[in-house]
Amino acid sequence: MAISIGLRGLCRRFGDQTALAPLDLDIRAGEFFTLLGSSGSGKSTLLKLIGGFDQPSAGTVSFDGTDVTRLPANRRQCNTVFQDLALFPHMSVEQNVAYGLRVRRESRADCAQKVAEALKLVALEGYQRRAITALSGGQRQRVALARSLVMEPGILLLDEPLTGLDERLRQQMRDEFGRLHRKTGATFVLVTHNQDEAMSLSDRMGIMHHGRLEQVGTPFEILHRPANEFVARFVGLESILTPERVMRDGERLAVMIAGQRFDLADYREAALPGKIALRSDRIRIVADPGGGGLSGLVTALQFRGLHYECSLDLRGAGHVTAIIPSVEMPRTISPGSEVGVILADGALVPVMEQAKETA
Amino acid sequence: MFLIRRGLALASPGFLLVLTLGFLPLAIILVWSFWTWDPATYWIRPDFSFDAYAQIGEAGRWHVILSSLGKAALAGVLCLLVGYPAALAIHFVASRPLAFVLMGAFTVPFFTSYLIRAFSWRLVLGRNGLINSWLLDLGLISEPLDWLLFSNFAVMVGLVASYLPFVIFPLLLSMRRVEPNFIAASQDLGAGFLRTLFTVIIPLTKPGIFAGFLFVFVMAAGSSTEVQMLGGAGASMISIIINDVMRVVNFPLAFAISAVVLVLLFAAVLIGNRIFGLTKLFEDFK
């Protein structure tokens, strides 16, 4: 059965270093929750506290409402897939997968059957007798998953399990996680620094930075209403402008950039955004400086194969990067060109950070 | 191919050193054990004789050799029983500065002479020694225990105390190779500390266990001081009987005994390596 996780005022300090600032977070039973952040952001620290491998400096961890803060890892109803997998090298695949069952004193027959089922779940039927050292990276990954899943945990913690796999295998295993989550129904908590993984798998995700939880929401919410500049940049919204004015116009949001008004439909948030991010793939450029809404100077142009990456100086409004499909790139444009900049539908993303008070 | 040859060339001074300092003396011992005594020169002369080997069986020497190896093996096992928890404490429990202090505590006795170390046990185990006086003071015994000193018990105490660091360092080396996450994973799957110790930590430190045992076994088999200082009147050891036959200038016999012991020890190393994978201690796990 899936278990919910409640964190209250949870924090971890090492000496005078704060690895994790006090945070509150609820992860629902059966949810696929991702902690996304760069290295040193505190996401692995948080996972260790949930798993019981570390003790918080303050705050509590509860599973299904029961306080488990002081419960050691071996008595918590959750299992972890470690970053380095931590498969026991002196044991066969079967011994590895059966380890937790044997600790629970399940009968040999039950173990054998459950191991066979778990291996089938991760598409490794018949691998029981293999040595761990004789497996490929992807196969080891699957064994580590099977070893955790065979315990039928209420919570599965995944600590950057895809790091170190090549891109193809990564995508394959990523899809596997989604399938296994639907199949087992357990609460999955994934720690990663890869936003593709986070976006494609998560029901909700939390973005961490310097030991703080910057924003929690669905991937859609985070992409369309990033809480602050850091979150926006982290999810790939690199072009961030401070508009001259933002105002509400019915259900629309009106934004003034370089003296021109741009509208954002269906804006129902209570607060007004302090900043506006521009989606690079929704910016078009035309050779005629007066031919678009805005005008700008091309400061750099880089060919990336399927597209060009074009850095633009929007004349006092700020710097933005546009991604222009190679086939749509006007031939005459080169660094130093004055161009017209058109913002297509969906180009504007409000960054919900409050505007800094100006004196 | 070129790279391999160059590697060999670069390693050749080392090889040469190992050959001259390590193998040459052993080869000489083996060769001389087949030579015979020449009264004319008061030295040995080239020959191919098994006389010396036949003499090993005399005067209860086999008994001394086997009991020496037995004592050495027991010392190895006892050192492991004491040293494993100590190494575990240093590796896992102690914080770094404390680990350093603990390791120092095991090393410092080595700064003193082994004679003094063995002798100091007399002060502890003797009739008027520390242990007997404590036991008497506490009223647990009415007269001093005699078997504490000049006995196999005392020899074993001396051997274990002398060679304990030699199990701790290989054990620490092998424990450093146990990924902390292996222990975390075991815990994660529900295992308590003892279960983790016996199913994960001990199996993964087998090479260190064997290396440590081997160090103590080999050195204890060759020891004489502890037996002479702490053993009873009839106590003997391989090195003592070798000393005795050297004193009566029976060099071929001394070499023959050495050769037999060497062969036995080599056999132990090879068999142990087959079972415990000693060389793994120096390999990278992947």
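Residues numbered from 1 in each chain as written. Chains lettered and ligands numbered in written order. Predicted model: local features only at pLDDT ≥ 70, side-chain atom pairs only at ≥ 80, totals over all residues. Heavy atoms only, no water.

1. Remarks on the domain arrangement of chain A
One frequently used descriptor of interface size is the decrease in accessible area upon assembly of the parts.
All names here are of chain A.
Here is step 1 of the chain: As assigned here, chain A comprises domain 1 (5–229) and domain 2 (230–351).
Here is step 2 of the chain: With centres defined by C-alpha atoms, the gap from domain 1 to domain 2 works out at 38 Å.
Here is step 3 of the chain: The partner domain 2 presents 16 residues to the 19 residues of domain 1 that form the contact.
Here is step 4 of the chain: Summed over both sides, the interface between domain 1 and domain 2 buries roughly 1,500 Å², with carbon and sulfur atoms accounting for 62% of that surface.
Here is step 5 of the chain: On the domain 1 side of the contact with domain 2, Arg225, Pro226 and Glu229 bury the most area, a combined 49% of that side's loss.
Here is step 6 of the chain: Across the pair glutamate 229 and lysine 275 runs a salt bridge, and its minimum N-O distance is 2.6 Å.
Here is step 7 of the chain: The interface formed by domain 1 and domain 2 includes nine residue pairs in polar contact (both at pLDDT 80 or more).
Here is step 8 of the chain: Elements that contribute at least two residues to the side of domain 1 that touches domain 2 include exactly β3 (32–37), α6 (195–201), β9 (204–209), β10 (212–217) and α7 (219–224). (Domains from an automatic or database assignment. Contact = heavy atoms within 4.5 Å. Buried area = accessible area lost by both parts, 1.4 Å probe. Salt bridge = Lys/Arg side-chain N within 4 Å of Asp/Glu carboxyl O. Polar contact = N/O pair within 3.5 Å; in protein donor to acceptor, adjacent residues only side chain to side chain. Helix = DSSP H or I, 4+ residues; strand = E, 2+ residues; numbered from the N terminus.)

2. Focus: the nonpolar core
One broad trend across soluble globular proteins is that nonpolar side chains are buried collectively.
Here is step 1 of the chain: Counting residues in each nonpolar core, the largest one holds 99 residues, and the members touching the most others are A:Val97, A:Leu145 and B:Ile257.
Here is step 2 of the chain: At twelve residues, helix α3 (residues 61–93) of chain B tops the list of elements feeding residues into this core.
Here is step 3 of the chain: Other than its neighbours up to four places away in sequence, B:Ile257 contacts B:Ile56, B:Arg61, B:Ile65, B:Ile238, B:Ile241 and B:Ile242.
Here is step 4 of the chain: Core analysis: the next-biggest nonpolar cluster, separate from the first, contains 29 residues, A:Leu241, A:Leu253, A:Ile333 and A:Leu343 among them. (Core = buried A, V, L, I, M, F, W, Y, C linked by side-chain atoms within 4.5 Å. Buried < 20%, exposed > 50% of the residue type's maximum accessible area, 1.4 Å probe, protein only.)

3. Description of the sheet that holds strand β18 (residues 307–313) of chain A
All names here are of chain A.
Here is step 1 of the chain: The sheet built from five strands is open, its strands ordered β16-β20-β17-β18-β19 with antiparallel pairing. The sheet is open, and its two borders are formed by β16 (283–286) and β19 (319–325), each paired with just one other strand. Geometrically, the sheet is characterised by an average inter-axis angle of 45° between neighbouring strands, direction not taken into account.
Here is step 2 of the chain: Note: strand β17 (residues 294–303) against β18, six bridges, orientation antiparallel. Paired with phenylalanine 303 across the strands is tyrosine 308, a residue of β18. (Pairing = 2+ DSSP bridges. Axes fitted to C-alpha atoms, helices over the stretch in contact; angles between N-to-C directions.)

4. Topic: α3(B)
Here is step 1 of the chain: In this model, α3(B) (33 residues) spans 46 Å end to end at C-alpha, consistent with the 48 Å of a helix rising 1.5 Å per residue.
Here is step 2 of the chain: The largest bend in α3(B) comes to about 30°, at B:Gly83, with the proline B:Pro85 one to four residues further on. (Expected span 1.5 Å × (residues − 1). Bend = angle between axes of the 7 residues up to and from the residue.)

5. Details of the pairing of strand β6 (residues 78–81) of chain A
All names here are of chain A.
Here is step 1 of the chain: Here β6 shows a buried face lined by Cys78 and Thr80 and a second buried face lined by Asn79 and Val81.
Here is step 2 of the chain: As paired strands, β6 and strand β7 (residues 155–159) are joined by four bridges and run parallel to one another. Paired with asparagine 79 across the two strands is leucine 156, which belongs to β7.

6. Some thoughts on the sheet that holds β9(A)
All names here are of chain A.
Here is step 1 of the chain: Read from one edge to the other, the open sheet built from six strands follows the order β6-β7-β8-β3-β9-β10, with strand pairing classed as mixed. Looking at the sheet topology across the chains shown, the edges are occupied by β6 and β10. Taken over all neighbouring pairs, the strand axes of this sheet differ in orientation by 15° on average, direction set aside.
Here is step 2 of the chain: Where β3 meets strand β8 (residues 187–192), five bridges bridge the pair, whose relative direction is parallel. Across the sheet, residue leucine 35 finds its bridge partner in β8, namely valine 191.
Here is step 3 of the chain: With respect to the sheet, helix α5 (residues 167–184) is in contact with β3, β7 and β8, its orientation differing from that of β8 by roughly 160°.

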